Amino acid sequence: MFAAGASNEAGVSVNVLVCVKRVPATAGKITLTADEQAIDTRYLGFTISPHEECAVEEAVRIVEAHGGSTTVITLGPEEATDQLREAMAVGIDRAILLATDGGEWNVMSTASAIVEAIRAREATDGPFDLILLGNEAADTGDYQVGIRVAAALDRPIVTGAKGLEVRDDTVTARREAPEGGWEVYQIPRPAVVTVREGINLPRYPSVPGRLRARKKEIERIELARDAASEPARIRLRVPVERESAVEILGEGPEAAPRVVEILRRLGLIA
Amino acid sequence: MILVIVEHEAGVPDRLSSEVLTLGRSLGEAIGHPLHAVAWGDAGAGLAGEGLAVAIGSSGVAVLHAIEEPRLTDYAPEAIGAALAQLIERDRPDAVIAGGAERGVEVLAHAAARLSLPLAANVTDVRPGEPWQITRQRWGGSLLEDARLDGPIRLLTVAAHAIEPIAAATTATQVERRPFVPVLTDRDLRVRIASRVPAEAGKISLAEARVVVGGGRGVGSADGFAQLDELAALLGGAVGVSRVVTSAGWRPHAQQVGQTGTRIAPDLYIACGISGAIQHMVGARSAKAILAINTDRDAPMVTRATYAVIGDLHVVLPAIIAVIRTER
Ligand SMILES: Cc1cc2nc3c(=O)[nH]c(=O)nc-3n(C[C@H](O)[C@H](O)[C@H](O)COP(=O)(O)OP(=O)(O)OC[C@H]3O[C@@H](n4cnc5c(N)ncnc54)[C@H](O)[C@@H]3O)c2cc1C
Ligand SMILES: Nc1ncnc2c1ncn2[C@@H]1O[C@H](COP(=O)(O)O)[C@@H](O)[C@H]1O
């Protein structure tokens, strides 16, 4: 059970939906816009959360093992098609953009819009056997879209999964237990699972994969913002870092005795 | 009323729950309303007995609502969320506060979804008023956001280590224990733990290690970790790595430190060949001291460290190991 990757029985065709969110790829230091409402992204690239990268990989593996189809969905600006194409480059079949005007949506409205899109798609194509999300988004980290989506669709959900197995009519997911070790959940399909990084090691997109993704069509659903979708934000702040004047112990191997002196002072060696 | 969700082990609240109780108490005092607690757990787990009620007796709690349902013998997130939603609907507290760990946010999110209420996660500060305002963590804690928390019932989880837990100054008071019997359907109980796999015995857990030897891209290869493993073994510590290392498959994800990995809190973090990206640093923020070993004097890890050695880690580490061995 739970060998590396999706260790699934063959013969159960599965339709999987993955939810991803476009976020700035911040690195060294975060700079905010003058109005303190957002990160200044002028010099940044964009990405999705590592948890979501793993959810994409898991979806592709499940369908490689069982047959079926994979769809990726995002609610975001026009440019979020980049993230959809990246998912298609590693093997996702289809993509849906819930297009905003670029303004941010709060978490409840995001979940509702995703649910509405799922209902619409399922009405024509049949149910998604499995809906995968990240455990938390990289930026807001609200830890709840998955649960709100599952509740609205009245489907069982396991959060924080680091192992997943799809069977005929059940999904088995395991996650880390608070006391160490693992908790194993078994839930009926159709189901929702939120994924944590570590569930698998995502593949890199191949050049042919990228080329194929570039040509694929993306379904667009236009969203209209209203007062209910506004975030509750007043302002963002960069937390004050404790100023530490670093003590340079030396350059190269000559510094070793001073390092060991510090290890001893901290009681880490006898 | 302020309602806090208390997670406990056999009647003893965990550390995060003590932080939650501390916030709940100060909020209750600020708005002049009583503090109530709610907990789940079966009869053997110290809830049916007076264990937990006594343990939280100095936290200012007036009433402990003990969720009682014979089918709730083990953790079942949806069912507990349903029970919480029913209690919240009946008593309509001013605010409900859970710990910002996996279970706390999970059960409260289930309740929030059922009640169609907003939920603010990883809050570090609450300011009651018109409207209530909160500060919460974004980007895993590398940013803070001041926000409104609207609605008649405010749901929130508290970021770990944001609040210093304090026991009440006065002596313990009697906590009234009230059973709360939720109405649960079989459907509410469909998500439950089917089995458990115990933790590997004898391994030093990364989260709890006193010293962590960290390696990043600068280590260069999977084989390059031999020196880090050796130093960690000498110091009785654990090896931690950056995401570049796990993505390359050099090391398992269980060793990743950071926003999407483990949060560490060692006495010393020896960070070798790690640049110090913000997503890595949020995982190392609770380290008491950092020793950076890096070829780049201007790397963020170096400028934020307590101590640094400038140089190639593959030269510096063997030298450190040699000194430790000769001095033994
Ligand atoms: C949403 C999100 C979540 C993320 N979560 C995490 C996370 O949980 N954990 C995490 O680590 N990252 C995370 N990242 C990735 C993070 O942004 C960085 O890309 C990553 O931490 C960089 O790893 P690194 O420091 O090993 O590599 P680099 O940034 O490439 O740094 C390598 C360092 O090694 C030094 N070096 C090179 N050779 C040597 C040598 N011979 N001796 C000494 N020093 C040398 C260089 O000077 C440099 O400072 C996340 C990113 C995103 C967008
Ligand atoms: N705008 C969005 N578009 C698509 N999926 C999203 C969006 N926001 C959040 N999600 C999904 O929900 C997960 C949890 O987000 P959150 O509850 O905001 O932390 C993310 O990892 C995504 O999988």
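Here, every reference points to the structure presented above.
A. Seen up close, the interface of chain A and chain B. At the junction of the two partners, chain A supplies 82 residues and chain B supplies 80 residues. Carbon and sulfur atoms supply 55% of the area that chain A and chain B bury against each other, a total of about 6,900 Å² over both sides. Contact with chain B buries area across many residues of chain A, yet A:Glu197, A:Arg237 and A:Leu268 alone supply 8% of it, more than any other trio. Inspection of the region where chain A meets chain B yields 15 salt bridges. If you look at where chain A meets chain B, you find 36 residue pairs in polar contact (both at pLDDT 80 or more). Among the elements that line the side of chain A that touches chain B, the one with the most residues is helix α6 (residues 256-265) of chain A, at eight residues. Here the side of chain A that touches chain B is built from residues that sort into 43 nonpolar, 16 polar and 23 charged. Both strand β14 (residues 247-251) of chain A and strand β17 (residues 307-310) of chain B contribute to a ladder of four bridges, which runs parallel. By the bridge assignment, A:Ile248 is partnered in β17(B) with B:Ala308.

B. Focus on the site of ligand 2. Residues and elements named next belong to chain A. Around ligand 2, the surrounding shell holds 19 residues, and the nearest of these are Cys 19, Glu 52, Gly 134, Ala 137 and Gln 144. At 3.2 Å from a nitrogen atom of ligand 2 is found a main-chain nitrogen or oxygen belonging to Val 20. In the environment of ligand 2, an oxygen atom lies 2.8 Å from a nitrogen or oxygen atom belonging to the backbone of Ala 137. For ligand 2, whose free accessible area comes to 480 Å², the fraction covered by protein is 98%. Secondary structure elements with two or more residues in the shell around ligand 2: β4 (68-76), α3 (107-125) and β6 (130-134). The dominant element in the shell around ligand 2, judged by the number of residues it contributes, is β4, at three residues. Here the shell around ligand 2 is composed, by residue class, of nine nonpolar, six polar and four charged.

C. Layout of empty space enclosed by the protein. Inspection of the entire model under this criterion finds one cavity of 30 Å³ or more. Roughly 30 Å³ of internal volume is contained in the largest cavity. If you go around the largest cavity, the residues you meet are A:Tyr143, B:Gly100, B:Ala101, B:Val105, B:Ala121, B:Asn122 and B:Thr157. The class makeup of the residues in the lining of the largest cavity is four nonpolar, three polar and no charged.

D. Focus on the site of ligand 1. What surrounds ligand 1 is a group of 28 residues, the closest being B:Arg217, B:Ser242, B:Ser275, B:Gln279 and B:Asn294. Mapping the residues adjacent to ligand 1 onto the chains of the assembly identifies chains A and B. The backbone of B:Val257 places a nitrogen or oxygen atom 2.7 Å from a nitrogen atom of ligand 1. Protein chains bury 83% of the 990 Å² of accessible surface belonging to ligand 1 in isolation. Of all the secondary-structure elements, those providing two or more residues to the shell around ligand 1 are α6 (243-247), α7 (278-284) and β16 (289-294) of chain B. Residue composition of the shell around ligand 1, by class: nine nonpolar, 15 polar and four charged.

E. Structural view of the sheet that holds strand β13 (residues 233-237) of chain A. The 10 strands lie next to each other as β13(A)-β9(B)-β8(B)-β7(B)-β10(B)-β6(B)-β1(B)-β4(B)-β5(B)-β11(B), forming an open sheet whose pairing is mixed. With one partner strand each, in any of the chains shown, β13 of chain A together with β11 (176-180) of chain B form the two edges of the open sheet. Recorded for the sheet is a direction-independent mean angle of 35° between the axes of neighbouring strands. Pairing of strand β1 (residues 2-5) of chain B with strand β4 (residues 35-39) of chain B involves four bridges; the strand directions are parallel. Residue pairing across strands places B:Ile2 opposite B:Leu35, the latter belonging to β4(B). Contacting β1, β4, β5 (61-67), β6 (95-99), β10 (154-158) and β11 of chain B, helix α3 (residues 77-91) of chain B crosses the sheet at an angle of about 135° to β5(B).

F. Main features of the sheet that holds β6(A). All names here are of chain A. Across the sheet, seven strands lie side by side as β7-β11-β6-β1-β4-β5-β12; this open sheet has parallel pairing. Every interior strand has two partners, whereas the edge strands, β7 (157-161) and β12 (219-222), have only one. The average undirected angle you get between the axes of adjacent strands in this sheet is 20°. Sheet analysis places strand β1 (residues 14-19) next to β6, joined by three bridges and oriented parallel. Residue pairing for β6: Val 18 is matched across the bridge by Leu 132. Contacts from helix α2 (residues 81-89) reach β4 and β5 (94-99) within the one sheet, and its direction differs from that of β5 by about 165°. Against the sheet, helix α4 (residues 145-153) touches β6, β7 and β11 (191-195), its axis set at about 165° to β7.

G. A look at the packing of aromatic side chains. Taken as a whole and assessed by the stated rule, the structure comprises one aromatic pair over all chains. It is A:Arg22 that lies over the ring of A:Phe46; its NZ or CZ is 3.9 Å from the centre. Lying over the aromatic face of B:Tyr75, B:Arg103 brings its terminal NZ or CZ to 3.9 Å of the ring centre.

H. A look at the pattern of salt bridges. Under the defined criterion, the tally for this structure stands at 55 salt bridges over all chains. B:Arg187 is the salt-bridge partner of A:Asp154, the closest N and O atoms lying 2.8 Å from each other. Here A:Asp154 is found in the loop between α4 and β7, whereas its partner B:Arg187 is found in the loop between β11 and β12 (193-197) on a different chain. Judged by relative accessible area, which is 38%, A:Asp154 ranks as partly exposed.

I. Expanded view of the packing of α6(A) against helix α9 (residues 313-327) of chain B. Across the interface, α6(A) lies against α9(B) with an axial gap of 8 Å and an inter-helix angle of 60°. Comparing their axes, α9(B) and α6(A) come out oblique. The two elements α6(A) and α9(B) meet at a crossing, and its hand is right-handed. Each of A:Ala256, A:Pro257, A:Val259, A:Val260, A:Leu263 and A:Arg264 in α6(A) lies in contact with α9(B), whose residues at this interface are B:Ala319, B:Ile320, B:Val323, B:Ile324 and B:Glu327. Its residues assigned to classes, the contact of α6(A) with α9(B) shows nine nonpolar, no polar and two charged.

Reading the values: rules and limits
- Residues numbered from 1 in each chain as written.
- Chains lettered and ligands numbered in written order.
- Predicted model: local features only at pLDDT ≥ 70, side-chain atom pairs only at ≥ 80, totals over all residues.
- Heavy atoms only, no water.
- Contact = heavy atoms within 4.5 Å.
- Buried area = accessible area lost by both parts, 1.4 Å probe.
- Salt bridge = Lys/Arg side-chain N within 4 Å of Asp/Glu carboxyl O.
- Polar contact = N/O pair within 3.5 Å; in protein donor to acceptor, adjacent residues only side chain to side chain.
- Helix = DSSP H or I, 4+ residues; strand = E, 2+ residues; numbered from the N terminus.
- Nonpolar A, V, L, I, M, F, W, Y, C, P; charged D, E, K, R; others polar.
- Pairing = 2+ DSSP bridges.
- Near = heavy atom within 4 Å.
- Areas by Shrake-Rupley, 256 points an atom, 1.4 Å probe, with all protein chains shown as cover.
- 1 Å grid on protein atoms, 1.4 Å probe; cavity = no way out; pocket = protein on both sides within 12 Å on 5 of 7 lines; lining within 4 Å.
- Points joined across faces, edges and corners; volume = space filled by probe spheres on them.
- Axes fitted to C-alpha atoms, helices over the stretch in contact; angles between N-to-C directions.
- Phe/Tyr/Trp six-rings, centres within 6.5 Å; stacked < 30°, edge-to-face > 60°.
- Lys NZ or Arg CZ within 6 Å of the ring centre and 35° of its normal.
- Buried < 20%, exposed > 50% of the residue type's maximum accessible area, 1.4 Å probe, protein only.
- Parallel < 35°, antiparallel > 145°, perpendicular 65-115°, else oblique.
- Left-handed = near helix turned anticlockwise from the far one by under 90°.

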